[in-house]
Structure formats: structure tokens, C-alpha cells
Amino acid sequence: RTLGRRVALIGVGGLSGSFFRHAIDIATDHIAVAEEDAWNRRMLSMLERGEVSAFRAACPDYARAARVDMGFKHCAFVMGALDWRVSGAVVHGYGPLYGAGGAVVEFKLG
């Protein structure tokens, strides 16, 4: 702020971690495990609605249940850098990555 510059923070990591271990037709790609897809959608929805406390509380269960990439450490990095001051999010895209879940999320600062 002192210098009047804007900063971009980018975290990279996947969501649910089950993936196909065999060749698939990429046109039929889908989240490999329905329960993981439900978890992904629930977590993304909480972020969109700005339910940061509920999101934070659910992170450990989500990481275990959906086998989240790297234990969801990429989320801890981003949220820690933002001091958990997030008022919501825009999910620009969500979908399968060879069976695993992936999303592009833009956080709203608050």
C-alpha cells in the first residue's frame, strides 16, 4: 500500500485427489468418486457465499474425505497470506482433471 502497488497471490494445487490410473477418453472425463465431487462442490459453495468460518472448520474433514491434493496445503498458504480475510469467492471454473477435481477460484478480499 505504501508504494501504491497491487499484488497478485497465486496458489496452485488440486481439489479431490482420486484420479484414473488407466487411459480414458478425455471427452468423458469426470470426477472419479461422487462423494469427492460432492465435497468439492460443498467447499467451493461455502467460499462463494463467504462462509469462511465454516469453510475453515471443514478443511480437515474435507482433506481426509476427498483425498485432497497435498492435504490442502495450497489453501492454507493462500488463506494464511490473506489472513483468512476473505468475504467470498468467484469460481471461474470447476471440473475433472483425469478424475481428480480442479477449480480456478478468485478470492474477494474483505
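In what follows, the structure referred to is the one given above.
S.K.: Help me out: how do you make sense of the pattern of salt bridges in this one?
M.R.: Between side chains of opposite charge, a pair can form when the charged atoms approach closely. Across all of its chains, the model carries 4 salt bridges by this definition. As a salt-bridge pair, Asp-37 and Arg-41 come within 3.0 Å of each other at their nearest N and O atoms. One end of the pair, Asp-37, and the other, Arg-41, are both in helix H1 (residues 34-49), 4 residues apart, so they sit about a helical turn from each other. Classification of Asp-37 as buried rests on a relative accessible area of 19%. Residue Asp-61 is joined to Arg-64 by a salt bridge in which the shortest nitrogen-to-oxygen separation is 2.7 Å. With Asp-61 and Arg-64 both in helix H2 (residues 52-65) and 3 residues apart, this pair spans about one turn of that helix. Residue classification places Arg-64 among the exposed positions, given a relative accessible area of 58%.

S.K.: It is not clear to me how helix H3 (residues 73-81) should be interpreted in this structure. Could you clarify?
M.R.: Every α-helix carries 3.6 residues per turn, so stepping three or four residues along brings you back to the same face. Regarding H3, the residues found buried are His-74, Cys-75, Val-78 and Met-79. For H3, the arc enclosing every buried residue in end-on projection is 125°, short of the 170-degree limit, so these residues lie on one face. Pointing more than 90 degrees away from the buried face of H3 are the exposed residues Lys-73 and Ala-81. The elements touched by buried residues of H3 are H1, H2, strand E1 (86-97) and strand E2 (100-109). Following H3 by one or two positions, Asp-83 has its phi on the positive side, about 55°.

The rules behind the values
- Residues numbered from 1 in each chain as written.
- Predicted model: local features only at pLDDT ≥ 70, side-chain atom pairs only at ≥ 80, totals over all residues.
- Heavy atoms only, no water.
- Salt bridge = Lys/Arg side-chain N within 4 Å of Asp/Glu carboxyl O.
- Helix = DSSP H or I, 4+ residues; strand = E, 2+ residues; numbered from the N terminus.
- Buried < 20%, exposed > 50% of the residue type's maximum accessible area, 1.4 Å probe, protein only.
- Arc of directions from axis to C-beta.
- Contact = heavy atoms within 4.5 Å.

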